[in-house]
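A look at the structure
One-letter residues, chain by chain:
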Amino acid sequence: MKRKIGALEKVDADLPNLQHKIRIDPPSYRDDFVGQYSQYASLYELFLQSPTTTDDSGIVRLRDLIDFVSHVADCYPKITQGFAGDLRALIERHHATLDPELRDKIVGSLVLLRRKDIIDSQTLLNTLWPLLISTPSKSLRALLYQKIISDIRTANSKTTNHKLNRSMQTTCHNLIASDPASPKGIWSVKLTRELWKRQVWNDAKAVSIMAAAALSEDAKVVTGGVRFFLGGDQEREEAADDESDADEDIDMGKLRHQAVINKKSAKRDRELKAAKAKVKRKEKKKNAPHPLNFSALHLLHDPQGFAEKLFFQHLQPSQPKVKLDLEQKLHVLNLVSRLVGLHKLTLIPLYSYFLKFLTPRQPSVTSFLASLAQATHNLVPPDALEPLIQKTANEFVSEASAAEVASAGLNAIREVCARQPLAMSETLLQDLVQYRKSKDKGVQMAARGLLSLYREVGAGMLRKRDRGREAALKLRSGEQDATRRFGAVEQGGIEGLELLEKWKDEQGQNGEEDEEKGWDDWDAQSDSSESSGGWINVESEGEDIDISDSEDEREKAAKKKNETENKQAENKDGKGAGADGSSSSRSGASMEPEAALKREEQRISNLATTRILTPADLAKLKELQQSAAVTASLPTAKRRRLQQAQQQQNAQRHADDAVTADDIAGLAFLSHKATKEEKIAMAKGEAVGDRPAADKNDHRSSTARRKEKKAAEGKSTTNKEKARKKNMIMTLGKAKKKGKRSLTEHRNILKQHVERGKKGGRRGNR
């Protein structure tokens with residue numbers, strides 16, 4: 001027995017050597033390979049007969065032979081034709097009882113055969129995927145999941161493998177849809193989320209898989225699907241940023257400098273070539289067109305139906321199929337509210353659902369308030385939101401409430417009213433605005449934010465003393481409506497065009513001459529096949545260009561224009577608003593259409609309707625917009641600066657952006673008095689509560705921070721900085737010698753210093 005084991009060990013030691021020889025010259029070692037393959041076949045048959053009673057030496061021998069055959073199988077394709085099938089059958093039947101090392105070796109051998117194109121990706125995934133969802137081994141699941149992700153990414157590295165992707169996506173969807181109550185669907189969620197983050201799967205089919213997961217009957221699967229819609233896009237952006245940051249770490253100038261001053265070697269040459277190739281790939285990727293990555297929330301097939309199913313299945317029923325805790329319900333509610341706000345859906349029962357949670361004693365109440373703000377848009381009926389606004393004001397905003405509670409309530413009301421201003425009543429608004437005089441900073445800023453909001457969207461609801469100068473002037477001139485109407489949508493236009501029109505009026509420019517000058521420096525690339533040789537000047541007899549398609553439309557337009565001129569003439573004569581105060585232009589119903597028409601004429605710029613903007617006009621328009629932005633950011637008082645900062649923050653928020661609990665809490669942390677332990681932690685620069693360990697508590701000088709940054713980046717210091725750190729005894733000799741130098745020696749030293757400067761330094765590096 002000992003002799004036999006020794007012979008096996010000798011044969012095993014010869015396998016790597018034989019493998020190397022076969023890779024070099026396969027025909028010469030064909031007989032040796034046939035002998036080893038016959039040993040593998042016999043051991044395979046013996047193992048299938050008694051997989052549980054095979055001794056350790058036989059398992060080790062079988063594992064080594066599997067590894068050997070898998071590495072050289074591409075050299076003898078006819079002999080190893082059934083090798084992949086043997087491995088698949090072995091791991092499918094006995095994966096629960098196999099030795100862990102032998103099991104991992106079989107999986108690795110199948111992946112190696114896939115890399116050698118002996119089996120295709122579809123065959124490999126059809127083998128590994130059933131094992132992933134059925135095996136009880138945690139280590140094997142981790143290995144299989146890693147191999148599946150790697151193989152799908154490799155298959156889609158050069159071009160998108162649509163056939164493989166459709167097959168795997170269908171398999172993942174069927175796993176969830178066939179048994180919604182099964183926890184096995186979590187593997188479909190993990191796989192889809194990882195491939196979405198890596199931008200391998202970025203189509204609507206992947207989104208439909210996660211939608212099915214969010215509507216399943218298992219708590220973990222539901223949470224995984226909901227979290228995907230809430231954070232999958234952010235994970236994808238962070239992964240892309242990490243890849244770009246890794247590419248930017250290469251400093252070619254530093255590498256070339258090291259190659260010059262260091263000893264030359266083959267390793268350094270390879271590193272330099274690899275860095276050059278990486279930088280070249282980065283430049284090629286930078287010049288490539290940017291892929292269109294749509295958000296998962298925009299790729300949903302039926303957002304209305306999906307939101308209704310989520311709400312009625314997980315939040316509304318008295319006996320839900322899935323028992324979710326408070327955190328999981330908050331995630332579902334966050335997703336439903338984002339869908340309603342993003343797609344402007346109609347889900348009226350959602351707003352009555354919020355009523356029982358709007359109380360300061362409710363855990364995670366800021367999350368409920370944030371979800372309420374997200375679920376609001378301009379098409380929500382104000383009647384559905386008025387009870388919510390009233391209850392929020394009654395429960396949160398009062399003199400007896402804590403500062404944090406009042407600040408959160410005012411911020412929530414502002415977020416809701418920013419999306420639907422008609423939800424606020426005039427009496428309640430005037431009452432809430434008075435909290436801007438509060439002693440607490442957070443409450444004060446929240447009330448000012450609400451005031452600045454309604455100065456823009458509904459100044460007529462404020463008292464005259466609260467409207468401000470700009471809002472009062474807009475109301476008086478008719479630029480802003482005194483009352484808003486439900487469902488009214490403002491028409492768009494060219495942003496900042498009124499600035500260009502005002503500038504042209506101030507400069508007193510002539511339209512036709514300036515338009516010709518604006519095209520002077522414009523080099524337009526035209527095809528030779530075009531018949532026109534340039535721009536054609538179209539002259540008009542009147543002030544406006546008539547673009548009507550028929551005679552009837554032109555007659556209607558002329559008739560409407562005459563009526564408008566007649567009404568304006570009557571207003572000038574004093575018939576519309578008499579001096580005796582018998583009628584008022586603001587309150588009279590007959591003057592409302594006229595005021596609306598006047599505002600519309602003022603809104604539509606003559607430049608947009610009478611001429612084509614030249615490249616010079618567009619350049620000037622951009623310059624004027626930048627100048628207006630700079631001027632707007634230079635207020636004259638601290639109060640105005642705070643108001644404009646709040647307005648700018650609200651304006652920069654996109655409609656797709658989520659409202660978080662931190663947005664609702666606002667500046668509540670200003671009211672919180674730090675304890676002794678928190679003060680000590682902040683002095684040490686540690687994290688305190690929600691505040692991360694940042695540089696806010698770093699009281700060092702900018703020079704010290706710069707030195708630390710340079711040391712962290714691996715950069716060297718200057719000779720002066722090094723001389724300061726030298727021991728004093730080391731510098732005494734040089735100092736004494738410098739004091740005893742003669743004028744001739746000093747002159748020579750200065751000459752050498754000038755010559756070295758001309759050469760580019762002591763080493764002559766230019």
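Here the residue index of a chain counts from 1 through its sequence in written order. Only residues with pLDDT of 70 or above have their local features reported here, since the model is predicted, and side-chain atom pairs are shown and tallied only from 80 upward, although totals for entire chains, interfaces and linings are computed over all residues. Each side-chain value is derived from all of the structure's non-hydrogen atoms; neither hydrogens nor water enter the calculation.

In this section: a positive patch on the surface. The patches reported here contain residues having more than 30% relative accessible area and no salt bridge. Joining distances are 9 Å for like charges and 5 Å for nonpolar side chains (Val, Leu, Ile, Met, Phe, Trp, Tyr). What sets the accessible areas is the Shrake-Rupley method with a 1.4 Å probe; for residues, cover comes only from the shown protein chains. Note on definitions: salt bridges are taken to be side-chain nitrogens of Lys or Arg within 4 Å of carboxyl oxygens of Asp or Glu. Lys and Arg are tallied as positive, Asp and Glu as negative. Neither His nor the chain termini are counted. Working definition for charges: the position is that of NZ of Lys, CZ of Arg, CG of Asp or CD of Glu. On the surface, Arg706, Lys707, Lys720, Arg724 and Lys725 cluster together into a positively charged patch. The helix count covers DSSP runs of H or I at least four residues long, the strand count covers runs of E at least two residues long, and both are numbered beginning at the N terminus. Those elements that provide at least two residues to the positive patch are helix 32 (702-712) and helix 33 (719-724). Position of lysine 707 relative to the elements: it lies in helix 32. Only protein chains enter the accessibility calculation, which uses a 1.4 Å probe. A residue is then buried if its area is under 20% of the maximum for its type, exposed if over 50%, and partly exposed in between. You can call lysine 707 partly exposed: its relative accessible area is 43%.

Opposite charge on two side chains allows them to pair when their charged atoms are near. As enumerated under the stated definition, the model contains 15 salt bridges in all. Where arginine 23 meets aspartate 74, a salt bridge forms, and the shortest distance between an N and an O atom there is 2.9 Å. Pair noted here: arginine 23 is in helix 1 (residues 2-24) and aspartate 74 is in the loop between helix 3 (56-72) and helix 4 (83-94), with a separation of 51 residues, a long-range link. Of the charged contacts, one joins lysine 116 and aspartate 74 as a salt bridge, the two residues approaching to 3.9 Å between their closest N and O atoms. You can see lysine 116 sitting in the loop between helix 5 (100-115) and helix 6 (121-134) and its partner aspartate 74 sitting in the loop between helix 3 and helix 4, a full 42 residues away along the chain. Residue aspartate 74 is classed as partly exposed on the basis of its relative accessible area of 33%.

Moving on to the environment of proline 303. In this fold, proline 303 is placed in helix 14 (residues 303-315). Taking relative accessible area as the criterion, proline 303 reaches 15% and is therefore assigned buried. Sequence separation of proline 303 and valine 336 is 33 residues, and the distance between their C-alpha atoms is 9.6 Å. Not counting residues up to four positions away in its chain, the partners in contact with proline 303 are His343 and Leu345. Any two residues whose heavy atoms approach within 4.5 Å are treated as being in contact.

Before going further, it helps to spend a moment on the packing of helix 2 (residues 30-49) against helix 3. As a rule, the C-alpha atoms of each element are fitted with a line to give its axis, helices using only the stretch in contact, and angles between N-to-C directions run from 0 to 180 degrees. It is at 10 Å that the axes of helix 2 and helix 3 come closest, and there the two elements cross at 135 degrees. When the axis of helix 2 is compared with that of helix 3, the two are oblique. Helix-helix and strand crossings are classified by hand; for helix 2 and helix 3 the assignment is left-handed. Taking contact as the criterion, the partners of Phe33, Gln36, Tyr37, Gln39, Tyr40, Leu43, Tyr44 and Phe47 in helix 2 are, on helix 3, Ile59, Arg61, Leu62, Leu65, Ile66, Phe68, Val69 and Val72. The class makeup of the residues in the contact of helix 2 with helix 3 is 13 nonpolar, 2 polar and 1 charged. Should an angle fall under 35 degrees it is called roughly parallel, over 145 degrees roughly antiparallel, and 65 to 115 degrees roughly perpendicular, with every other angle called oblique. Less than a right angle of anticlockwise turn of the near helix away from the far helix marks a crossing as left-handed, whereas a clockwise turn marks it as right-handed. Ten residues, namely Ala, Val, Leu, Ile, Met, Phe, Trp, Tyr, Cys and Pro, are considered nonpolar, four, namely Asp, Glu, Lys and Arg, are considered charged, and the remaining ones, Gly among them, are considered polar.

Another aspect to go through is the environment of serine 295. Note on placement: serine 295 falls in the loop between helix 13 (266-287) and helix 14. Note: C-alpha distance between serine 295 and asparagine 202 (93 residues apart in sequence) is 8.9 Å. Ignoring any residue separated from it by four or fewer positions in sequence, one finds serine 295 in contact with Asp233 and Arg236.

As used in this record, nonpolar core signifies buried Ala, Val, Leu, Ile, Met, Phe, Trp, Tyr and Cys residues forming a set joined through side-chain atoms within 4.5 Å. With 138 residues, the main nonpolar core has Trp129, Leu191, Phe229, Met424 and Tyr454 as its most contacted residues. Those residues in contact with methionine 424 that sit more than four places away from it in its chain are Ile389, Ile413, Cys417, Leu429, Leu432, Tyr454 and Met461. Counting residues in hydrophobic clusters, the runner-up holds 5 residues, among them Leu500, Leu613, Leu621 and Leu624.

A cluster of nonpolar side chains, namely Met728, Ile729 and Leu732, defines an oily patch on the protein surface of about 310 Å² accessible area. In this fold, leucine 732 is placed in helix 34 (residues 728-739).

Our next topic: helix 2. The end-to-end C-alpha distance of helix 2, which contains 20 residues, comes to 29 Å, matching closely the 28 Å that a straight helix rising 1.5 Å per residue would cover. Of all the residues in helix 2, the buried ones are Phe33, Gln36, Tyr37, Tyr40, Tyr44 and Phe47. With its buried residues spanning 100 degrees around the axis, helix 2 presents them on a single face. Pointing more than 90 degrees away from the buried face of helix 2 are the exposed residues Asp31, Leu46 and Gln49. The span you would expect from a helix comes to 1.5 Å times its residue count less one. An arc is given here, and it is the one of the directions from the helix axis to the C-beta atoms.

Before going further, it helps to examine unusual backbone geometry. Phi at glutamine 199 takes a positive value of approximately 60 degrees, unusual for a residue other than glycine. If you trace the backbone, glutamine 199 turns up in the loop between helix 9 (186-197) and helix 10 (204-214). Using a relative accessible area of 30% as the deciding quantity, one classes glutamine 199 as partly exposed. One non-glycine residue with positive phi stands out, namely lysine 344, at about 55 degrees. Topologically, lysine 344 is positioned in the loop between helix 15 (326-343) and helix 16 (349-353).

What follows concerns the packing of aromatic side chains. Aromatic rings from Phe, Tyr and Trp, taking only the six-membered ring of Trp, are treated as a pair when their centres fall within 6.5 Å; an angle between ring planes under 30 degrees marks them as stacked, one over 60 as edge-to-face, and anything in between as tilted. Under the counting rule described, the total for this entry stands at 15 aromatic pairs. Residues phenylalanine 228 and phenylalanine 229 carry aromatic rings whose centres are separated by 5.3 Å and whose planes lie at 75 degrees to one another, so their mutual orientation is edge-to-face. Grouping residues by exposure puts phenylalanine 228 and phenylalanine 229 together as buried. Ring centres of tyrosine 353 and phenylalanine 354 lie 6.3 Å apart, and the angle between their planes is 70 degrees; this geometry places the pair in the edge-to-face category. Accessibility classification places tyrosine 353 together with phenylalanine 354 in one group, the buried group. One aromatic cluster is present, formed by Phe33, Tyr37, Tyr40, Tyr44, Phe68, Tyr76 and Phe83 through successive ring pairs. Either the NZ atom of lysine or the CZ atom of arginine qualifies as a charge over a ring when it sits within 6 Å of the ring centre and within 35 degrees of the ring normal. Directly above the aromatic system of tryptophan 187 lies the positively charged group of lysine 190, at a separation of 4.7 Å from the ring centroid.

What follows covers the side chain of glutamine 328. Within the fold, glutamine 328 resides in helix 15. Excluding residues within four positions of it along the chain, glutamine 328 makes contact with Ala219, Thr223 and Lys323.

Counted at 1.5 Å a residue, the expected span for helix 8 (residues 162-178) with its 17 residues is 24 Å, and the 23 Å between its end C-alpha atoms agrees. Within helix 8, the full set of buried residues consists of Leu164, Asn165, Met168, Gln169, Cys172, Leu175 and Ile176. The buried residues of helix 8 occupy one face: seen down the axis, they fall within an arc of 125 degrees. With respect to the buried face of helix 8, the exposed residues turned more than 90 degrees away are His162, Lys163 and Ser178. Its buried side turned inward, helix 8 meets helix 6, helix 7 (138-155), helix 9 and helix 10.

Within the secondary structure, isoleucine 149 is located in helix 7. Measuring from C-alpha to C-alpha, the distance between isoleucine 149 and arginine 198 comes to 10.0 Å, with 49 residues separating the pair along the chain. Discounting residues that sit within four places of it in the chain, isoleucine 149 has contacts with Leu191, Glu194 and Leu195.

Within the chain, residue pLDDT values average 78, and 73% of them lie at 70 or more. Confidence scores per residue from the predictor, reported as pLDDT, run from 0 to 100. Below pLDDT 50 for its whole length, residues 1-11 participates in 3 contacts with residues either more than four positions away or in separate chains. Below a pLDDT of 50 lies the segment residues 571-591, which in the model reaches 12 contacts outside its immediate sequence neighbourhood of four places, other chains included.

Closest axis-to-axis distance for the helix 6/helix 8 pair is 11 Å, and the angle between their directions is 20 degrees. When the interaxial angle is binned, helix 6 and helix 8 end up roughly parallel. Considering only the axes of helix 6 and helix 8, their crossing is right-handed. Together, Ser121, Gln122, Leu125, Trp129 and Ile133 of helix 6 and Leu164, Ser167, Met168, Thr171, Cys172 and Leu175 of helix 8 make up the contact between the two elements.

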